[in-house]
Amino acid sequence: PYTTPVGPARALGQRRVFALMVLVLCIAAVILCIAAAVRLAGGGSLTGSADTPDAAQPVTTSVTFASARGTNLHATVTVPDSILPDPDATPAPEGESAGAEVPLVVMCHGFTGDRDGDGHFQPMADALAQQGIASIRVDFAGNGESEEPFTAYTLESIYDDIESAITYMRGQYAIGQIGLVGHSMGGRAVSLHLSDAIAAAALWSPANGNGLDGVEFLDHTPEGREQMRQDALSAGSYTLSGWSTPSSPDSVTISLEFLEQMDVSHPADHIRDYKGALLIAFNGGDQELLSQTTIDDTLQAAKDRGLPFTDLSDQFGNANHNYQSLAGDEEETKAISESIESQTVDFLVQALLPADTNAAA
């Protein structure tokens, strides 16, 4: 009997199956290309590598611990999750830290500031952690959540707090090389802390005037600064209106010790003798608080070392002292912040991590 031929129908079905397979393969190829492009794009920045499966993730916690002078220090710690203790692992002996060494960066805020660092420190801490670098930042005496009066804010107490932060982190983790970041008065504190024990230092608009000129941000004239000291000699302290902290919203009172320690401190000498990696930044708005002499002397001290350093002093003409837009423009502030933060993070990564790690990153 007669039957309808099946050859053409089978051929048509096979062509449809083949076309469907080709379509599926094309879609898969497009997906793979998009994924590769996203991965490459992420790898081009310091923070983008966190999207890869093997990258460290930042873990941030608030902590309180004792300072070298017996007070409570309030701090924020950000570490890569790769160095957190394994709950199933055998605990390390008391006084010892388990795991490989990681670099540590201590971030130092300015006069009447706090450990937020005008919003700059947490983004930097996250980016550093993604590269395998831990960080800590504290509220110095009388600032932020500090339990002390502002009269306890001196160069000596700041020095103690930086050392206390390093000691605390060494008690928690296996800490390797040390880097410091300081803004304004924090930059002066970092400058005075420079030694062979510090592998890298970033100074943002440091208040590095010689001696008592370091308080030029409080009074622009030598006569006014000297009168400030004389008044403090008589009363034991000096009250500044127009400055505030959370615990003292209308004024702050500086101690005679603060002024005397400023008077005998010479940050440029420490910079000149420093052999580690160095970054210095100034901006267009600094001259509202810092003299051109301070800026010039700081940069000259860095040049006198006879070693290369990262000079960002000509990149932020449109920024105020806190690295925000002079014009108050939000987009411009974002761009300024991202620039100073990313360049500082890149500097610290290059200085604190082994060369083979940098190449891999």
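Reading guide: rules and limits
- Residues numbered from 1 in each chain as written.
- Predicted model: local features only at pLDDT ≥ 70, side-chain atom pairs only at ≥ 80, totals over all residues.
- Heavy atoms only, no water.
- Helix = DSSP H or I, 4+ residues; strand = E, 2+ residues; numbered from the N terminus.
- Buried < 20%, exposed > 50% of the residue type's maximum accessible area, 1.4 Å probe, protein only.
- Contact = heavy atoms within 4.5 Å.
- Areas by Shrake-Rupley, 256 points an atom, 1.4 Å probe, with all protein chains shown as cover.
- pLDDT = per-residue confidence, 0-100.
- Phe/Tyr/Trp six-rings, centres within 6.5 Å; stacked < 30°, edge-to-face > 60°.
- Expected span 1.5 Å × (residues − 1).
- Arc of directions from axis to C-beta.
- Pairing = 2+ DSSP bridges.
- Axes fitted to C-alpha atoms, helices over the stretch in contact; angles between N-to-C directions.

Comments concerning the overall build of the protein
Within the protein one finds 10 helices and 10 strands. The buried share of the protein, taken over its 361 residues, is 46%. A fraction of 68% describes how many contacts in the protein between residues 6 or more apart in sequence connect residues 24 or more apart. As displayed, the protein has an accessible area near 17700 Å², and 54% of this comes from carbon and sulfur atoms.

Overview of unusual backbone geometry
If you check the backbone angles, Thr112 has positive phi at about 55° while not being a glycine. Along the chain, Thr112 turns up in the loop between β3 (102-108) and α2 (121-130). Of the residues examined, Thr112 reaches a relative accessible area of 19% and is grouped as buried. Its identity is not glycine, yet Ser205 carries a phi of approximately 45°, on the positive side. Considering the arrangement of structural elements, one finds Ser205 in the loop between β6 (200-204) and α5 (222-235).

Things to note about the confidence of the model for the protein
With 80% of its residues at a pLDDT of 70 or more, the protein has an overall mean of 87. Taken as a whole, residues 30-53 scores under 50 in pLDDT and shows 19 contacts with residues more than four places along the chain or in a different chain.

Considering the packing of aromatic side chains
In total, this model carries 12 aromatic pairs according to the counting rule given. Their ring planes at 85° and their centres at 5.1 Å tell us that Phe111 and Trp243 sit as a pair that is edge-to-face. Taken as a pair, Phe111 in the loop between β3 and α2 and Trp243 in the loop between β7 (237-241) and β8 (251-255) lie far apart in primary sequence, 132 residues in all. Note on Phe111: relative accessible area 9%, which makes it buried. In this structure Trp243 comes out as partly exposed when scored by relative accessible area, which is 22%. Seen from their ring centres, Phe150 and Tyr153 are 5.0 Å apart, and the 15° between their planes marks the pair as stacked. Side by side, Phe150 and Tyr153 carry an identical accessibility label, which is buried. An aromatic cluster of three or more residues is present, and its members are Phe111, Phe150, Tyr153, Phe217, Trp243 and Phe258.

Observations concerning α5
Between the first and last C-alpha of α5 there are 20 Å, a value that for 14 residues agrees with the 20 Å anticipated at 1.5 Å per step. What α5 keeps buried is the set Gly224, Arg225, Met228, Arg229 and Ala232. Taken end-on, α5 shows its buried residues confined to a sector of 140°, consistent with a single buried face. Facing away from the buried side of α5 by over 90 degrees, the exposed positions are Pro222, Glu223 and Ser234. The inward-facing, buried residues of α5 abut β7, β8 and α6 (256-263).

Concerning the side chain of His193
Along the polypeptide, His193 turns up in helix α4 (residues 185-193). In this structure His193 touches Tyr159, Ile162, Glu163, Leu180 and Ile198, once residues within four positions along its chain are discounted.

Observations concerning the sheet that holds β6
The strand order β1-β2-β4-β3-β5-β6-β9-β10 describes an open sheet built from eight strands, whose pairing is mixed. What marks the edges here is a single partner per strand, and that holds for β1 (58-66) and β10 (310-311). Where helix α3 (residues 155-172) meets the sheet, it contacts β1, β2 (72-80), β3, β4 (134-138) and β5 (175-183), and its direction lies at approximately 140° from that of β4. Contacts from α4 reach β3, β5 and β6, with the element oriented near 140° to β5.

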